[in-house]
Amino acid sequence: DIATNSGNASLINSEEGVLYFEGSAFDDNATNSQITISDGTSNNRVYFNYNLSSNILFAIVKSVNGTTVFAKSTAVNFNVFNKLALKYKQNDFSFWLNGVKIGSDTSGNSPIGLNKLNFSSPGTALPFYGKTKALAVYKTALTDAQLTLLTTI
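Residues numbered from 1 in each chain as written. Predicted model: local features only at pLDDT ≥ 70, side-chain atom pairs only at ≥ 80, totals over all residues. Heavy atoms only, no water.

A.B. asks: Please clarify how the side chain of Ser63 should be interpreted in this entry.
C.D. replies: Of note, Ser63 is situated in the loop between strand S4 (56-62) and strand S5 (68-73). Ser63 sits in the buried class, given a relative accessible area of 2%. Within polar-contact distance, the side chain of Ser63 engages the backbone oxygen of Ser110 at 3.5 Å. If we ignore the near neighbours within four places in the chain, the residues touching Ser63 are Asn43, Asn44, Asn109, Ser110 and Pro111. (Helix = DSSP H or I, 4+ residues; strand = E, 2+ residues; numbered from the N terminus. Buried < 20%, exposed > 50% of the residue type's maximum accessible area, 1.4 Å probe, protein only. Polar contact = N/O pair within 3.5 Å; in protein donor to acceptor, adjacent residues only side chain to side chain. Contact = heavy atoms within 4.5 Å.)

A.B. asks: Please clarify how the sheet that holds strand S7 (residues 93-97) should be interpreted in this entry.
C.D. replies: The strands that make up a sheet pair up through hydrogen bonds in the backbone, lying either parallel or antiparallel. Taken together, the five strands give an open sheet; going across it, the order is S8-S7-S6-S1-S10, and neighbouring strands pair in antiparallel fashion. A single partner strand is all that each edge strand has here, and the edge strands are strand S8 (100-105) and strand S10 (130-138). Averaged over all neighbouring strand pairs, the angle between strand axes comes to 10 degrees, with direction disregarded. When strand S1 (residues 16-25) meets strand S6 (residues 82-89), the two strands line up antiparallel, connected through eight bridges. Considered in S6, the bridge of Gly23 is made with Asn82. Seen against the sheet, helix H1 (residues 144-151) touches S1, S6, S7, S8 and S10 and runs at an angle of roughly 155 degrees to S6. (Pairing = 2+ DSSP bridges. Axes fitted to C-alpha atoms, helices over the stretch in contact; angles between N-to-C directions.)

A.B. asks: Where do I start with the nonpolar core in this structure?
C.D. replies: Soluble, globular proteins show a tendency: their nonpolar side chains are buried together. Counting residues in each nonpolar core, the largest one holds 25 residues, and the members touching the most others are Val46, Phe48, Tyr50, Leu57, Leu84, Tyr88 and Phe95. Contributing elements (two or more residues each) for this core: S1, strand S2 (32-38), strand S3 (45-51), S4, S5, S6 and S7. Those residues in contact with Phe95, other than ones at most four positions away along the chain, are Phe48, Leu57, Ala59, Ala71, Ser73, Leu84, Ala85, Leu86, Val100, Lys101, Ile102 and Gly103. (Core = buried A, V, L, I, M, F, W, Y, C linked by side-chain atoms within 4.5 Å.)

A.B. asks: What should I look at first to understand unusual backbone geometry in this one?
C.D. replies: Glycine aside, residues mostly have negative phi, and peptide bonds are mostly found in the trans state. Phi is positive for Asn55, close to 55 degrees, though the residue is something other than glycine. Asn55 sits in the partly exposed class, given a relative accessible area of 31%. Of note in this structure, Asn91 is not a glycine but carries a positive phi near 60 degrees. As for its position among the elements, Asn91 is in the loop between S6 and S7. Owing to a relative accessible area of 38%, Asn91 belongs among the partly exposed residues under this scheme.

A.B. asks: It is not clear to me how the sheet that holds S2 should be interpreted in this structure. Could you clarify?
C.D. replies: Taken together, five strands build an open sheet; the order of strands is S5-S4-S3-S2-S9 and the sheet is antiparallel. A strand with exactly one partner marks an edge of an open sheet, and here the two such strands are S5 and strand S9 (116-118). Neighbour to neighbour, the strand axes of the sheet diverge by 15 degrees on average, direction disregarded. Sheet analysis places S3 next to S4, joined by seven bridges and oriented antiparallel. When the bridges of S4 are listed, Tyr47 appears paired with Ile60.

A.B. asks: Can you walk me through the pattern of salt bridges in this structure?
C.D. replies: If charged atoms from side chains of opposite charge come close, those side chains can pair. Taken as a whole, this structure holds three salt bridges when the rule is applied. The closest approach of N and O atoms between Lys87 and Asp92, which form a salt bridge, is 3.2 Å. The structure contains a network of salt bridges with shared partners spanning Lys87, Asp92, Lys101 and Asp144. (Salt bridge = Lys/Arg side-chain N within 4 Å of Asp/Glu carboxyl O.)

It is worth stressing that arrangement in space is one thing and function is another; only the former is reported here.
Spelled out as structure tokens, the structure:
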């Protein structure tokens, strides 16, 4: 399925925010698949990358200014519903999985010009295959307490 006209680009904040996803990935698609917020290119984006062949979930923030912040988890069961949150804010990044902070970084630049939300990489490469309960973009960076509550199963 494809979701179109399902959001308002003016509700995406490039300077700070949270990409939230609740769902499961199909493990029979033994490749990478992504859920992204971007400027339409791979230069500025916030995304989850499911690497199904290696059973690794990456949370990545990339800025055209050359800063890439990422965290990864190898303890993910892709067949069950998981709650993921990736917070991005200048010098304040964190990745949450099922109520636990997996990684954080206090140095880095936020991406610029974010205005597209895709179940793929920017464009149509690496489409996401799975089940979705919720997908949201928060306009402001949430606190650790809020992210814990948001992602707790």
